[in-house]
Amino acid sequence: MPDLFDPVTLGSIECPNRIVMAPLTRGRADRDGVHDELAVEYYRQRAEAGLIISEATGISKQGLGWPYAPGLWSEAQTEGWKPVTEAVHQASGRIVAQLWHMGRLVHPSMGGGTPLSASATQGPHRLHTFEGKQDAVQAKAMTKDDIERTIADYVRAAANAMRAGFDGVQIHGANGYLIDQFLRANERDDDYGGSAENKCRFMAQVTQAIADEIGVQRTAIRLSPIGEVNGCDSDEPIALFTAAARALEDIGIPWIEMREPGSESTFVASDTDRVSPHMAKVFSGKIGLNSDFTFQEGQAFVRSGQCDFIAFGRPYIANPDLVRRFRDGAPLNDWDPKTFYSRGPEGYIDYPSLEEERV
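Along each chain, the written sequence defines residue order, and numbers are assigned to residues from 1. Local features are withheld for residues below a pLDDT of 70 in this predicted model, meaning they are given only at 70 or higher, and side-chain atom pairs are given and counted only at 80 or more; totals for whole chains, interfaces and linings count all residues. Based on all heavy atoms of the structure, the side-chain values leave hydrogens and waters out of the count.

### Section: the overall build of the chain
Logical step 1: In terms of regular secondary structure, the chain is built from 12 helices and 12 strands.
Logical step 2: All radius of gyration figures rest on C-alpha atoms, and the globule criterion is 2.2 Å times the number of residues raised to 0.38. In terms of overall dimensions, the chain is globule-like: its C-alpha atoms have a radius of gyration of 19 Å, near the 21 Å expected for 359 residues.
Logical step 3: By its C-alpha atoms, the chain is 60 × 45 × 35 Å across when sized along the principal axes.
Logical step 4: Between buried and exposed lies partly exposed: a residue is buried under 20% and exposed over 50% of the maximum accessible area for its type, with that area taken using a 1.4 Å probe on protein chains only. Relative to its full complement of 359 residues, the chain shows a buried share of 60%.
Logical step 5: The contacts of the chain with a sequence gap of at least 6 include a subset with a gap of at least 24, amounting to 72%.
Logical step 6: Residue exposure ignores everything except the shown protein chains as possible cover, and the areas themselves are Shrake-Rupley values with a 1.4 Å probe. About 13,800 Å² of surface is accessible on the chain, with carbon and sulfur atoms providing 47% of the total.
Logical step 7: The convention is simple: Lys and Arg are positive, Asp and Glu are negative, and His and the chain ends are not counted. Charge placement uses NZ in Lys and CZ in Arg. For Asp and Glu, CG and CD serve respectively. Positive and negative charge centroids in the chain, built from 36 and 51 side chains respectively, lie 1 Å apart. Helical segments are the DSSP runs of H or I of at least four residues, strand segments are the runs of E of at least two, and each set is numbered from the N terminus. Throughout, a residue-residue contact means that at least one pair of heavy atoms, one from each residue, lies within 4.5 Å.

Below, the structure written as structure tokens:
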């Protein structure tokens, strides 16, 4: 069996190793969701990853509820990403854009109006805004027109990602955001609710529309089958996500990345058994896992055939040369949670590489 240092093909992307950089919200864009040279350096430093999945990136003002997160709906945002992808490619790296709609977790003060969701519900906690956290508001249950318009927003963002130089896109279908709200916080009784297949319909339509626009081999998705997060959970995760895997198999997407936390997870712990083995029975593409993996644990999962790659999140915040550290058996830098979402270079581009430590 392969290990983490072996190459893997993810659709149209040839990855030199299976150590993927997970999507990491960092809040370093400007107020209009436009990146500058800080992001260029941040991503360039991490280009040794088998693949970089970008931080979650808004597809529309209505769908973006995280202050200083980037977008891909405007010309300025698209232009801001171009130096980032160019720097990654010059460093022999690969990068895909994660496309994000937060659904009911967007506060109206962010400028997008009433938030949208599968149903007329509201998030379970206070929401991020430029003025600090504010109480969640009830979302509007999406009409067919809302659904069509939002799918068009996804398609526009995917097309902009290609213009910006990304190697593909990953649809954010996890962690309690809009697509996950259709999957796991869905009270509808129309074609988009009720049965597992109906709950998967919006996810499938978004994925198919993006695949039609940019090519199915450049299209992927992130899912979170287990663990309650942002008010989303399922009583029947095996049935629901096996249905999701079948729908994605029918479309032909080449890879899925998933969060499947265990009971000891430091983010959204879960006692539910992993669903990915059931999904793998109906999905022929590659499957990657993410959630508190150490190098040794990730290596064991890949070598045993339980998944095809591992996405590492917080270790990549503090260790831009994570692949090299894993290969050399070198110690890892500790991350500083106080600078995860702060502004400026501290805790963003100033973590030392092994070479810098040895000087």
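### Observations concerning the nonpolar core
Logical step 1: Each nonpolar core is a collection of buried residues, namely Ala, Val, Leu, Ile, Met, Phe, Trp, Tyr and Cys, held together in the definition by side-chain atoms within 4.5 Å. Core analysis: the biggest nonpolar cluster contains 86 residues, and Tyr43, Leu99, Tyr154, Phe202 and Leu223 have the highest contact counts within it.
Logical step 2: Apart from residues lying up to four places away in sequence, Tyr154 is in contact with Ile59, Leu99, His101, Ile171, Leu178, Ile179, Phe202, Val206 and Ile210.
Logical step 3: Listed in part, the 13 residues of the second largest apolar core include Leu10, Cys15, Val20 and Ile53.

### Examining the packing of helix H6 (residues 201–214) against helix H7 (residues 237–251)
Each pair of packed helices can be summarised by the angle the axes make with each other and by the distance between the axes.
Logical step 1: In this analysis an axis means a line fitted to C-alpha atoms, helices contributing only their contacting stretch, and an angle means the value between N-to-C directions, from 0 to 180 degrees. In the contact formed by H6 and H7, the axes pass within 10 Å of each other and the chain directions differ by 20 degrees. Here H6 lies roughly parallel to H7, going by the angle between them. The chirality of how H6 crosses H7 is right-handed. Along its contact with H6, which presents Met203, Ala204, Thr207, Gln208 and Ala211, the element H7 presents Ala244, Ala247, Leu248 and Ile251. Geometric relationships in this document are graded by angle, where less than 35 degrees denotes roughly parallel, more than 145 denotes roughly antiparallel, 65 to 115 denotes roughly perpendicular, and other angles denote oblique. Handedness of each helix crossing follows the sense of rotation of the near helix against the far helix: counterclockwise by less than a right angle gives left-handed, clockwise gives right-handed.

### Some points on H7
Logical step 1: Between the first and last C-alpha of H7 there are 21 Å, a value that for 15 residues agrees with the 21 Å anticipated at 1.5 Å per step.
Logical step 2: Considered for burial, the residues of H7 that qualify are Pro237, Leu240, Phe241, Thr242, Ala243, Ala244, Ala245, Ala247, Leu248 and Ile251.
Logical step 3: Phi turns positive, to about 100 degrees, at Gly252, one or two residues after H7. To estimate how far a helix should extend, the number of its residues minus one is multiplied by 1.5 Å.

### What about the pattern of salt bridges?
Logical step 1: For this document, the term salt bridge refers to a Lys or Arg side-chain nitrogen within 4 Å of an Asp or Glu carboxyl oxygen. Inspection of every chain in the model, using the stated rule, returns 18 salt bridges.
Logical step 2: Linking Arg274 and Glu260 is a salt bridge whose minimum nitrogen-to-oxygen distance equals 3.6 Å. Within this pair, whereas Arg274 is found in the loop between strand E10 (255–259) and helix H8 (276–280), its partner Glu260 is found in the loop between E10 and H8, the two being separated by 14 residues in sequence.
Logical step 3: Look at Arg274 and you get partly exposed, because its relative accessible area is 23%.
Logical step 4: Residue Glu260 is classed as buried on the basis of its relative accessible area of 8%.
Logical step 5: The partner of Asp336 in a salt bridge is Lys338, with the nearest N and O atoms 3.2 Å apart.
Logical step 6: Residue classification places Asp336 among the partly exposed residues on the basis of a relative accessible area of 24%.
Logical step 7: Taking relative accessible area as the criterion, Lys338 reaches 69% and is therefore assigned exposed.

### Overview of the pairing of strand E9 (residues 219–223)
Logical step 1: Counting buried positions along E9 yields five of five residues, so the element is predominantly enclosed.
Logical step 2: The two faces of E9 match: Thr219, Ile221 and Leu223 on one face and Ala220 and Arg222 on the other face are all buried.
Logical step 3: Judged from the four bridges that link them, strand E8 (residues 169–172) and E9 form a sheet pairing that is parallel. Looking at E9, one finds that Ile171 is bridged to Ile221.
Logical step 4: Orienting the strands away from the viewer, one traces the path from the first strand over the helix to the second; a clockwise path indicates a right-handed crossover. Traced from E9 through H7 to E10, the parallel crossover comes out right-handed. Being paired, for any two strands, means DSSP has found at least two bridges between them.

### What about the packing of helix H3 (residues 144–163) against H6?
Logical step 1: Remark: H3 packs on H6, axes separated minimally by 9 Å, with the N-to-C direction vectors making an angle of 35 degrees. As H3 runs across H6, the sense of the crossing is right-handed. Contacts between H3 and H6 involve Ile147, Thr150, Ile151, Tyr154, Val155, Ala158, Ala159 and Met162 from the first element and Phe202, Gln205, Val206, Ala209, Ile210, Glu213 and Ile214 from the second.
Logical step 2: Residues are grouped as follows: Ala, Val, Leu, Ile, Met, Phe, Trp, Tyr, Cys and Pro are nonpolar; Asp, Glu, Lys and Arg are charged; every other residue, Gly included, is polar. Across the contact of H3 with H6, the residue classes tally to 12 nonpolar, two polar and one charged.

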